[in-house]
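Geometric and topological summary
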Amino acid sequence: MTATVPLNAYLILSAALFVIGVAGVLIRRNVLVIFMAIELMLNAVNLTFVAFARFLHSMDGQIIVLFVMAVAAAEVAIGLAIIIALHRNKESMNVDEINLLKG
Amino acid sequence: MIWLIPIIPLAGSLIVGLIGRRMPRTLATVIACGTPSLSLLLSVMAFVRLLQMPAEGRLLRSSIGSWIASGDFSVSFGFLFDPLSAIMALVVCGVGLLIHIYSIGYMAEDRDYHRFFALLNLFLAEMLVLVLADNYLLLFVGWEGVGLCSYLLIGFWFERPAAASAGTKAFLVNRIGDGAMVVGLIWMILLFGSVDFQTVLTDAPTVLVYGSVTASLLTLLLFIGATGKSAQLPLYVWLPDAMEGPTPVSALIHAATMVTAGIYLVARSAPLFQLAPVSLEIVAWVGGLTALYAASIALVQTDIKRIIAYSTISQLGYMFLGLGVGAYAAGIFHLMTHAFFKALLFLSAGSVIHALAGEQDIRKMGGLRQFLRVTAGSFLVGALANAGIAPFAGFWSKDEILAAVYASGHGPLWVIGALTAAGTGLYMFRLYFLAFEGKSRLDAHMLSHLHEAPWSMRLPLVLLALGSATVGFVGVPPGSGLLQRFLGPVFPASAHEATAEPTSEVVLAVAVLAMAVGGIVMAYRYYLLDPQRSEALAARYPALYRTFFHKYWVDELYETAVVRPTVTSARTLSELFDARIVDGSVNGIAALAARAGSLLRRLQTGQVPTYILSILVGAVVLLGYLAFSG
Amino acid sequence: MEWLVFVPLAAMALVTAVLVIILRNPVYCALSLVGTFFALSGIYLLLQAQFVAVVQVIVYAGAIMVLFLFVVMLLDLGHELPAWLQRDRPRLLIGAGAVAILLLELVIPVGSWTARAPHGPQTSEVVGAAGNTQLVGRLLFTEFLVPFEITSIILLIAIIGAMVLARR
């Protein structure tokens, strides 16, 4: 075992977190929790960026992470606003009951 | 400055057409008649400037700006004022102004007074664009513009079915000629890479080989356009019907100016035609045959305006005859004199129609001279000029054309021209004697309110009569008069022009004059002294009479040979092809889309988890491809 | 040495992440997610990305998670739905298959993958000399100025959008 942790270890951790996020989106019925799972996926991707920034000696990855965070914040604000509006109209957080998009 | 000449009437047209109804009638009239006056003034000023230049370099140009610029090809909104354009612009503005003034009286009681003057001004603007353009494309803009105005003015009284269909007929027949002209213009762009007069006409001898098929076809395409606009065989049929329009329109558009656009086009393209002897020969023969043909029809018509209309076709034939034998200046000379006396004839006829409250049948007139002295006098001057009696204008120009025809060695064409001269004398004076002399055949009601026209109509008559009597002298002596020397540098040197010896020229002129006088004498004997004799004559040659009277059945021929097959096939196509195949395929595609949509709609469950799952499966497949494809 | 820090943090991140998706009560889910964020923040420190690590705590663990909890409290969602899992069996099966394949697709290439030689200008020494925050700031206001400004516009739009959507 070497002294420093290799890039692959970070990437595998990131992949695992991402897949957990995907699974969460699939199995949960509560919109709010689905939303949290999406945040999990975003964080997994952020980890990849930071890891690459470290191992490629380039700060660009960290900058991208900041942008991702800003976009995530915007997304959360909008998403939660939608959830509040939805709750007001449907009195439900169950994703199965939200099917107004049906054509 | 030159570009102002067509712009001013255009502005007048817009003002009178858009807000004319809201302003006092007098103001509208002043604007409508003021714009041609300004244009005339500017034309005269430009003309004077032209005269101060040396004879060989008389040319004024001005450009408003670029119109089309595409690669090497460019067209500008450019105007050109050379001796040829100058003559045309002066005739158009001068005659146009007089007819505007005449229309004040003639149209006074019409409820669409403003529309009439707006269109008349618009016509004048387009006509000036046509004669002042410095390239073929801008000329074509004016060409189509005058065609449009002609259509609108023929159908001015559109509530009358005859007027509406006459307008349509004029428009459609002109399309045939214009179609050929467009093809010619495109070909010209391909050959010369330009439509500019100066470029095309200067390069012509190097680009086109003398007598080549290309030169002949190109000039013939232009000439077909000219036959449409200038009412020559076989596209003349619209002009007689165009008499459904108001009489000032007939005078301005269908006699003095627009129909001469074809003459102008051929004269302007003289360097091109000079390279195509075959085309010139065709131009000459079409002109000569049209002259005789139209004169023969004019002999037996009974509608005062139609007789003059056929006379116009006949005189235009003379002009083409002159152009065809290379006597370009003579053709333009006749164009100029014709503009005066034909406008005079039409306006006099209009005065008669005005006095008789719309009656146009000369069999119901007679003896009008006692009541309409000014009109009768001016009509007589016009008739003498048209018949080519010395010293009136028509004599000098017609004589010069026929002299050139003879000098160029076209014997048969000279005979045709001389016969036409006799026919012209006959039909002009048949009209004069039947309408103005002899016993009155009017009913009492008509007689009671017979009145001479107001001053605004009489003034143009008198001025035009003066012009018709004297304007011919600018071309005296033949071949080297003021006009010919002025126009000379514009046209390529022609081998034929004025090479006949003076003595033989005088003999020829006297011979033609004798023919014309013979026609007049015949008219006097048959129609004034003893009207029964004309009927006896008609009875003796029934076939000939009927042929003339029914205008050689050409309208009927076109109806069966062209119009009806076109309409029938169009109807068949619309029923079979359009309704079944076009609509069918369109509806079929629409139905297909609808069916596919209703199938695909089942995928749209509205269940968000389903969507997420689809996205995931898609992402997995894509990622698999990316990760393991190499 | 680094492994001693990495392994606990990684284990904590994975465990809290799994808790996020299997706990029934949304409040507990949110709290687990905070745990994940903290673990990741630690890993960022390990990766010498101090600024990102701090922002991770402030923005994610602070602002965003507070927003989540606020919504949970506001809408009174503290108690979970009786059926918290998807019950559509075919959908679950397909989903499970897809997730498994996805994991393989991500892990297999990564496991056998070797990074290119480091080539960027910001080596550990450079970063150590200038400081991570200063470098991030300089890059943000020079090379990435346009994206940075666009991000601010996105945030502005988000503010307006959230107000419009949540208004009664």
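Overview of the structure. (Residues numbered from 1 in each chain as written. Chains lettered and ligands numbered in written order. Predicted model: local features only at pLDDT ≥ 70, side-chain atom pairs only at ≥ 80, totals over all residues. Heavy atoms only, no water.)

1. Side note on the overall build of chain A
On a plain count of helices and strands, chain A comes out with three helices and zero strands. Each helix (α) and strand (β) of chain A, taken in turn from the N terminus, gives the series α-α-α. For chain A, the proportion of its 103 residues judged to be buried stands at 65%. A separation threshold of at least 6 residues defines the contact pool for chain A, and within that pool the share at least 24 residues apart is 63%. Split by element, the accessible area of chain A, about 3400 Å² in all, is 70% carbon and sulfur. (Helix = DSSP H or I, 4+ residues; strand = E, 2+ residues; numbered from the N terminus. Buried < 20%, exposed > 50% of the residue type's maximum accessible area, 1.4 Å probe, protein only. Contact = heavy atoms within 4.5 Å. Areas by Shrake-Rupley, 256 points an atom, 1.4 Å probe, with all protein chains shown as cover.)

2. Some words on the nonpolar core
Of all hydrophobic cores here, the largest spans 187 residues; its most connected members are B:F81, B:Y136, B:L272 and B:F429. If we skip the residues at most four places from it in the chain, B:Y136 touches B:L185, B:M188, B:V195, B:F197, B:V200, B:L201, B:L265, B:S269 and B:L272. One finds A:V22, A:A51, C:A17 and C:A98 within the second-largest nonpolar core, a separate group that totals 86 residues. (Core = buried A, V, L, I, M, F, W, Y, C linked by side-chain atoms within 4.5 Å.)

3. Comments concerning the pairing of strand β1 (residues 60-70) of chain B
All names here are of chain B. Across eight bridges, β1 lies against strand β2 (residues 73-81) in antiparallel orientation. Paired with S66 across the strands is S76, a residue of β2. What sits between the antiparallel neighbours β1 and β2 is a turn of two residues, in which G71 has the positive phi angle 65°. (Pairing = 2+ DSSP bridges.)

4. A closer look at a nonpolar patch on the surface
Residue and element names in this part refer to chain B. Taken together, the side chains of W3, I7, L10, L14, I15, L18, I19, I64, W67, F77 and V141 make up a nonpolar region of the molecular surface, amounting to roughly 920 Å² of accessible area. Put simply, the parts of the chain that give the nonpolar patch at least two residues each are α1 (4-19) and β1. For the nonpolar patch, the leading source of residues is α1, giving six residues. (Patch = residues over 30% accessible without salt bridge, like charges linked within 9 Å, V, L, I, M, F, W, Y side chains within 5 Å. Salt bridge = Lys/Arg side-chain N within 4 Å of Asp/Glu carboxyl O.)

5. Points about the interface of chain B and chain C
Listed by partner, the interface residues are eleven residues for chain B and twelve residues for chain C. Each partner contributes to the roughly 920 Å² buried at the junction of chain B and chain C, and carbon and sulfur atoms together form 81% of this total. Scanning the region where chain B abuts chain C turns up one residue pair in polar contact (both at pLDDT 80 or more). Of the residues belonging to the side of chain B that touches chain C, the class tally is eight nonpolar, three polar and no charged. (Buried area = accessible area lost by both parts, 1.4 Å probe. Polar contact = N/O pair within 3.5 Å; in protein donor to acceptor, adjacent residues only side chain to side chain. Nonpolar A, V, L, I, M, F, W, Y, C, P; charged D, E, K, R; others polar.)

6. Some remarks on the pattern of salt bridges
All names here are of chain B. Under the criterion given, the structure shown has 14 salt bridges over all chains. In this structure, E159 engages R111 in a salt bridge whose closest nitrogen and oxygen atoms are separated by 3.7 Å. With E159 in the loop between α5 (136-154) and α6 (161-192) and R111 in the loop between α3 (83-106) and α4 (113-132), the pair connects residues that are 48 residues apart, well separated along the chain. Note on R111: relative accessible area 62%, which makes it exposed.

7. Regarding the interface of chain C and chain A
Contacts between the two partners involve 86 residues from chain C, matched on the other side by 72 residues from chain A. Both faces combined, the contact of chain C with chain A buries some 7200 Å², and carbon together with sulfur accounts for 77% of it. The tally of links between chain C and chain A comes to zero salt bridges. If you look at where chain C meets chain A, you find seven residue pairs in polar contact (both at pLDDT 80 or more). For the side of chain C that touches chain A, the secondary structure elements donating two or more residues are α1 (2-22), α2 (26-46), α3 (50-74), α4 (89-111), α5 (124-130), α6 (132-141) and α7 (145-166) of chain C.

8. Considerations on the packing of α1(B) against helix α2 (residues 25-52) of chain B
Residue and element names in this part refer to chain B. Running from N to C, α1 and α2 point in directions that differ by 175°, and their axes come no closer than 8 Å. Comparing the axis directions of α1 and α2 gives the class roughly antiparallel. From α1, L4, I5, I8, P9, G12, I15 and V16 reach across to α2, where they touch A28, I31, A32, T35, L38, S39, L42 and S43. When the residues that make up the contact of α1 with α2 are grouped by side-chain class, the tally is eleven nonpolar, four polar and no charged. (Axes fitted to C-alpha atoms, helices over the stretch in contact; angles between N-to-C directions. Parallel < 35°, antiparallel > 145°, perpendicular 65-115°, else oblique.)

9. Looking at helix α16 (residues 373-387) of chain B
Residue and element names in this part refer to chain B. Here α16 is 15 residues long and its end C-alpha atoms lie 21 Å apart, about the 21 Å a rise of 1.5 Å per residue gives. Burial within α16 is extensive, with eleven of its 15 residues counted as buried. Looking at α16, one finds that the buried residues are T375, A376, S378, F379, V381, G382, A383, L384, A385, N386 and A387. Once α16 finishes, G388 follows within two positions and takes phi at roughly 80°, a positive value. (Expected span 1.5 Å × (residues − 1).)

10. Comments concerning the packing of helix α8 (residues 213-229) of chain B against helix α13 (residues 277-298) of chain B
Residues and elements named next belong to chain B. Where α8 meets α13, the closest approach of the two axes is 8 Å, and the angle between their N-to-C directions is 25°. When the axes of α8 and α13 are compared, the pair comes out roughly parallel. Crossing of α8 over α13 shows right-handed handedness. For the pair formed by α8 and α13, the contact residues are A215, S216, T219, L220, F223 and T227 on the first element and V278, S279, I282, V283 and V286 on the second. For the contact of α8 with α13, a count of residues per class yields seven nonpolar, four polar and no charged. (Left-handed = near helix turned anticlockwise from the far one by under 90°.)

11. Remarks on the side chain of A:E39
Along the polypeptide, A:E39 turns up in helix α2 (residues 31-55). Setting aside chain neighbours within four positions, we find A:E39 in contact with A:A72, A:E75, A:V76, C:L33, C:F37, C:Y60 and C:F68.

12. Some remarks on the packing of aromatic side chains
The final tally for this structure, using the stated rule, is 29 aromatic pairs over all chains. Arranged with centres 5.3 Å apart and planes meeting at 70°, the rings of B:Y236 and B:Y293 form a pair that is edge-to-face. Of this pair, B:Y236 sits in the loop between α8 and α9 (238-241) while B:Y293 sits in helix α13, and the two are 57 residues apart along the sequence. Plain terms: the ring middles of B:F379 and B:Y432 are 6.4 Å apart, the flat faces sit at 15° to each other, and that makes the pair stacked. Taken together, the residues span a long stretch of sequence, with B:F379 in helix α16 and B:Y432 in helix α18 (residues 411-436) at a distance of 53 residues. The same class applies to B:F379 as to B:Y432, namely buried. Grouping aromatic residues by their ring pairs yields a cluster made of B:F379, B:F429, B:Y432, B:F433, B:F436 and B:Y524. In this structure, A:R54 packs its charged tip against the face of A:F55, placed 5.9 Å from the ring centre. Its end group placed over the ring of B:F156, B:R115 keeps NZ or CZ at 4.3 Å from the ring centre. (Phe/Tyr/Trp six-rings, centres within 6.5 Å; stacked < 30°, edge-to-face > 60°. Lys NZ or Arg CZ within 6 Å of the ring centre and 35° of its normal.)

13. Notes on unusual backbone geometry
Across the junction of B:L233 and B:P234, the peptide omega takes the value 0°, indicating a cis bond. Tracing the backbone shows B:P234 in the loop between α8 and α9. Even without glycine at this site, B:A231 takes up a positive phi of about 55°. Tracing the sequence through the fold places B:A231 in the loop between α8 and α9. Phi is positive for C:Q48, which is not a glycine, with a value near 60°. Among the secondary structure elements, C:Q48 is positioned in the loop between α2 and α3.

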